Structure formats: C-alpha cells, structure tokens
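In case you want the letters, here they are:
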Amino acid sequence: MSSDAGTWQVIPPKGRRGRQRLADLLTQEAVNAQTRAGTPPATSFLDAASIAADHEKLCSKWRDSSSYRELCALVSANTVGHATIKTAICLGPGSFDVRDESSRYCRSSHDAHVQLEAFRTVVGLLEEKSGYKIQCYAQEPSFGPSDKEYCHSLGIEVVDTPGAFQHVDSTAFVFGIHLPHVAWGYALSHHLPGLYVGTSLNSLDELNTALRDDKALAAVIARVEEMRSSADRWAFPAGERHTWLESTFSSTEILWLREKADDAFGGEKG
Ligand SMILES: C[S@@+](CC[C@H](N)C(=O)[O-])C[C@H]1O[C@@H](n2cnc3c(N)ncnc32)[C@H](O)[C@@H]1O
C-alpha cells in the first residue's frame, strides 16, 4: 500500500497459501489477545430487564441526532447496488452491565448501548429493504450472563470468540467500533464482508506509524485496502460535537461492496 508518509509498504498475500499463512498468524494473535482479555464475568450486577431500560434511556439522544438520520438515509439509499446481506455480526460493543449503581449510565455503557442500537438500526433497514431475514450474532469477551440474556431477548445469538469470525463472508455485515486490530485481523483473514462498519483506514495507518513491526496490523491494513478497491466508502456519520456522541463512532468508516452483476437481487429470498 502507499501511505501518506510513503515510507513503508504492505504487500497483500497472494494465493491460497499466502492467505492461509496470514489466517494462521491472525488466529494466533486473536487467541493471544483473548488470553490477555481474561475470563468473562460469571455474575452480573444488572439484570436483563434493567439493561433493556438503560438501553431506552441511553439511546434516545442518538435516535434524535443527525448521526442516526444520516445513517438511516445512507443505508436506505444504497441497499440496491451493493452486496446483499444475510448475516450480521456485532463485535466488541462492550458490556451493558456496570460495577455498581453509581456507575450506571456511565460513558462506556452509553457507547455500548448506542453502538448496539446502530447495529440493530442497520440490520432493521437492510431487512426492510431487501426482504431477507438477517441472522444476527454478537461476540464480546466481556459479556456476562445478563448481557447474553439481553442480546438473546433481541434475537441476537451470542457466541464466544472466535466463533463469530467463521460467519464472515461476502453476504455478512460486520460491525465493530474501536475493536482491537487483532480482532479485525481475524475477522477479515478468510473472507471480506459485504458490509464493513469498522476502523477507518486512516486510523489503521496512524496506528501503523506507532506499531511499525506489527504483522497483524499490516495484514489488516492490506485487507481493508483490498475491500476498498471494490466497495463504496463513507465516514460513519458523526454525532453532535461536544457530546458523548462525538466519539461514540469516531475513527469509523463504512465500506459496502458494490454488487456484482451475478448477485443482483431477485435470487431466492427467505
Ligand atoms: C476499546 S474497547 C471498545 C468498546 C466499545 N466498542 C467502544 O467503542 O467503547 C474494545 C472491545 O473489543 C472487545 N474485544 C476484544 N477482543 C475481541 C474479540 N476477539 N471479539 C469481539 N470483541 C473483542 C473487548 O472486550 C472490548 O470490549
């Protein structure tokens, strides 16, 4: 790739063996990261009903925002002409649970709830526009029992890492905000998704100037660049400045593969 600095190059792996080596490397990196992440909590402070109540409270500002309106308009206007989505994967939103009552409605809960809402908003619009029922998965190592129950109540299947990555293919919508790059590496190692909402190439490039010898990062950059060559791209609509929403979706871009002539709508739906 060419970077603005023009001082380094990433060569995307060529052929099946190159891909396989990359996949092995990224698998190992993701396993290492998961090991560092520790074990998920065995108990929850909030129950699923309280999490659902928090969701309504914390998402109302975003639903009233230009970020929400622009996201809806973007998805609605581009369903036709871009990859058809049949699976949706929400990676690393963070836990909806809190340590104690005083940390309820904290910044991280806000971002987890609003990001989940954005994920579900996109899924809802895609289903409405395409007529396809979308199978949803969520993967978050810090999910406790109530997080899982809450997702289940929304029809989202929670899987342990690295289970969600196997569902990535050209009909998948993969959503991960501020996700560690090793997780992106694993997610993108075998197949590119039809719709990517994740770390922008600029942010990955900036990270790369700090982590020059990080092979996994270089591989992720190569994969995002590969996706960019056959996708349309938008910055994720930013939230209002000087509010929590300003950074809830920072450094995030949307890449949507342009539809190929042979996978036009009209195939079997259901
Ligand atoms: C920097 S936090 C971002 C949390 C939230 N998305 C936000 O923007 O506030 C990164 C998140 O990725 C999650 N994560 C790490 N490895 C993951 C994996 N293999 N699959 C899914 N999520 C992962 C972490 O548990 C953590 O919640």
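For every chain, the first residue of the written sequence is number 1, and numbering continues from 1 onward in sequence order. Where local features are concerned, this predicted model is filtered to residues with pLDDT of at least 70; where side-chain atom pairs are given and counted, the filter is 80 or more; whole-chain, interface and lining totals use all residues.

Visitor: Any chance you could explain the site of the ligand here in plain terms?
Guide: Near residues are defined by distance alone, with the backbone-placed C-beta atom required to lie within 6 Å of the molecule or strand. The local shell around the ligand holds 21 residues, among which Gly 92, Gly 94, Asp 111, Thr 161 and His 178 are the closest. Here the shell around the ligand takes four residues from helix α1 (residues 15–37), the largest share from any one element. For this scheme, ten residues count as nonpolar: Ala, Val, Leu, Ile, Met, Phe, Trp, Tyr, Cys and Pro. Four count as charged, namely Asp, Glu, Lys and Arg, and the remainder, Gly too, count as polar. A per-class count over the shell around the ligand returns 10 nonpolar, nine polar and two charged. Counting from the N terminus, the helices are the DSSP runs of H or I reaching at least four residues and the strands are the DSSP runs of E reaching at least two.

Visitor: Sorry if this is basic, but what is going on with helix α8 (residues 215–229) here?
Guide: Owing to its 3.6 residues per turn, the α-helix aligns residues three or four sequence positions apart on the same side. An expected span of 1.5 Å times one less than the residue number is assigned to each helix. Taking 1.5 Å of rise per residue, the 15 residues of α8 would be expected to cover 21 Å, and the 21 Å separating its terminal C-alpha atoms lies within 8% of that figure. Neighbour counting defines burial: a residue surrounded by 20 or more other C-beta atoms within 10 Å of its own C-beta is buried, one with 12 or fewer is exposed, and intermediate counts give partly exposed, using backbone-placed C-beta atoms. All of the buried residues along α8 are Ala 216, Leu 217, Ala 218, Ala 219, Val 220, Ile 221, Ala 222, Arg 223, Val 224 and Met 227.

Visitor: Quick question: what am I supposed to make of the packing of helix α2 (residues 48–63) against helix α5 (residues 145–153) here?
Guide: Axis angle and axis distance: for two packed helices, these are the angle between their axes and the distance between the axes, and together they describe the pair. Convention adopted: a line fitted to C-alpha atoms gives each axis, helices being fitted over their contacting stretch, and angles between N-to-C directions are expressed from 0 to 180 degrees. It is the contact of α2 with α5, at a shortest axis distance of 8 Å, that shows an interaxial angle of 65°. Here α5 runs roughly perpendicular to α2, going by the angle between their axes. Judged by the twist between their axes, the crossing of α2 over α5 is right-handed. Note on element contacts: α5 touches α2 through Ser 146, Glu 149, Tyr 150 and Ser 153, opposite Ala 48, Ile 51 and Ala 52. Broken down by class, the residue content of the contact of α2 with α5 amounts to four nonpolar, two polar and one charged. Each angle is binned into one of four classes, with values under 35 degrees roughly parallel, values over 145 roughly antiparallel, values of 65 to 115 roughly perpendicular, and all other values oblique. Left-handed describes a crossing in which the near helix is turned anticlockwise from the far one by less than a right angle; the clockwise case is right-handed. For every residue pair, C-beta atoms are placed from the backbone, and the pair is scored as a contact if these atoms sit within 7 Å.

Visitor: Explain the pairing of strand β7 (residues 252–257) here, please?
Guide: Among the six residues in β7, six count as buried, and that is most of the element. Here β7 shows two buried faces, one formed by Thr 252, Ile 254 and Trp 256 and the other by Glu 253, Leu 255 and Leu 257. Of the strand pairs in this sheet, strand β5 (residues 195–199) and β7 are connected by five bridges, and their pairing is antiparallel. Bridging from a neighbouring strand, Thr 199 pairs with Thr 252 of β7. In the sheet, strand β6 (residues 231–235) pairs with β7 via five bridges, with the strands oriented antiparallel. A pair of strands is considered paired only if DSSP assigns at least 2 bridges between the two.

Visitor: What exactly am I supposed to notice about the packing of helix α7 (residues 201–210) against α8 here?
Guide: Running from N to C, α7 and α8 point in directions that differ by 155°, and their axes come no closer than 10 Å. Classed by the angle they form, the pair α7 and α8 counts as roughly antiparallel. When you trace α7 past α8, the crossing you get is left-handed. Contacts between α7 and α8 involve Leu 201, Leu 204, Asp 205, Leu 207 and Asn 208 on the former and, on the latter, Leu 217, Val 220, Ile 221, Val 224, Glu 225 and Arg 228. Across the contact of α7 with α8, the residue classes break down as seven nonpolar, one polar and three charged.

Visitor: Is there a simple way to explain the nonpolar core in this structure?
Guide: One finds Ile 89, Cys 90, Phe 173, Val 174, Ala 187 and Val 220 to be the most contacted residues of the largest nonpolar core, which totals 66 residues. Once residues lying within four places of it in the same chain are set aside, the contact partners of Val 220 are His 181, Trp 184, Gly 185, Leu 188 and Leu 204. For the purposes of this analysis, a nonpolar core is taken to be any set of buried Ala, Val, Leu, Ile, Met, Phe, Trp, Tyr and Cys residues that are connected through C-beta atoms within 7 Å.

Visitor: Can you help me understand the sheet that holds strand β3 (residues 156–158) in this one?
Guide: Adjacent strands of a sheet form backbone hydrogen bonds with each other and so pair up, either parallel or antiparallel. The sheet built from seven strands is open, its strands ordered β3-β2-β1-β4-β5-β7-β6 with mixed pairing. Both outer strands of the open sheet, β3 and β6, are each paired with one neighbouring strand and no more. When strand polarity is set aside, the average angle formed by the axes of neighbouring strands in this sheet is 20°. Pairing of strand β4 (residues 172–176) with β5, which is carried by three bridges, proceeds in the parallel orientation. Among the inter-strand pairings, Phe 173 is bridged to a residue of β5, identified as Leu 195.

Visitor: I'm lost on unusual backbone geometry in this one. Help?
Guide: Most peptide bonds adopt trans geometry, and most residues besides glycine take a negative phi value. Geometrically, the link from Thr 161 to Pro 162 is a cis peptide bond, its omega value of 10° lying close to zero. For Pro 162, the position within the fold is in the loop between β3 and β4. One non-glycine residue with positive phi stands out, namely Tyr 105, at about 65°. The residue Tyr 105 is located in the loop between β1 (87–91) and α4 (107–130) in this model.

Visitor: Explain the confidence of the model for the protein here, please?
Guide: In low-pLDDT segments, the atomic positions of the prediction should not be examined closely. Taken over all residues, the pLDDT of the protein has a mean of 87, while the share at 70 or more is 82%. Under a pLDDT of 50 for its full length, residues 1–14 has, in the predicted model, 18 contacts with residues more than four places off or in other chains. In this model, residues 265–270 is a region of pLDDT below 50 whose contacts with residues beyond four sequence positions or in other chains number four contacts. Each residue carries a pLDDT value, the predictor's own confidence for that position, ranging from 0 to 100.

Visitor: What exactly am I supposed to notice about the environment of Cys 136 here?
Guide: Along the chain, Cys 136 turns up in strand β2 (residues 135–139). On a C-alpha basis, the gap between Cys 136 and Thr 87 in space is 6.0 Å, while along the polypeptide they are 49 residues apart. Sequence-distant contacts of Cys 136, defined by excluding residues within four places in its chain, comprise Ala 88, Val 123, Gly 155, Ile 156 and Glu 157.

Visitor: I tried to follow the environment of Gly 131 on my own but got confused; where do I start?
Guide: Secondary-structure assignment places Gly 131 in the loop between α4 and β2. Taking the C-beta count within 10 Å as the criterion, Gly 131 has 11 such neighbours and is therefore assigned exposed. As a C-alpha pair, Gly 131 and Lys 86 span 45 residues in sequence and 10.0 Å in three-dimensional space.

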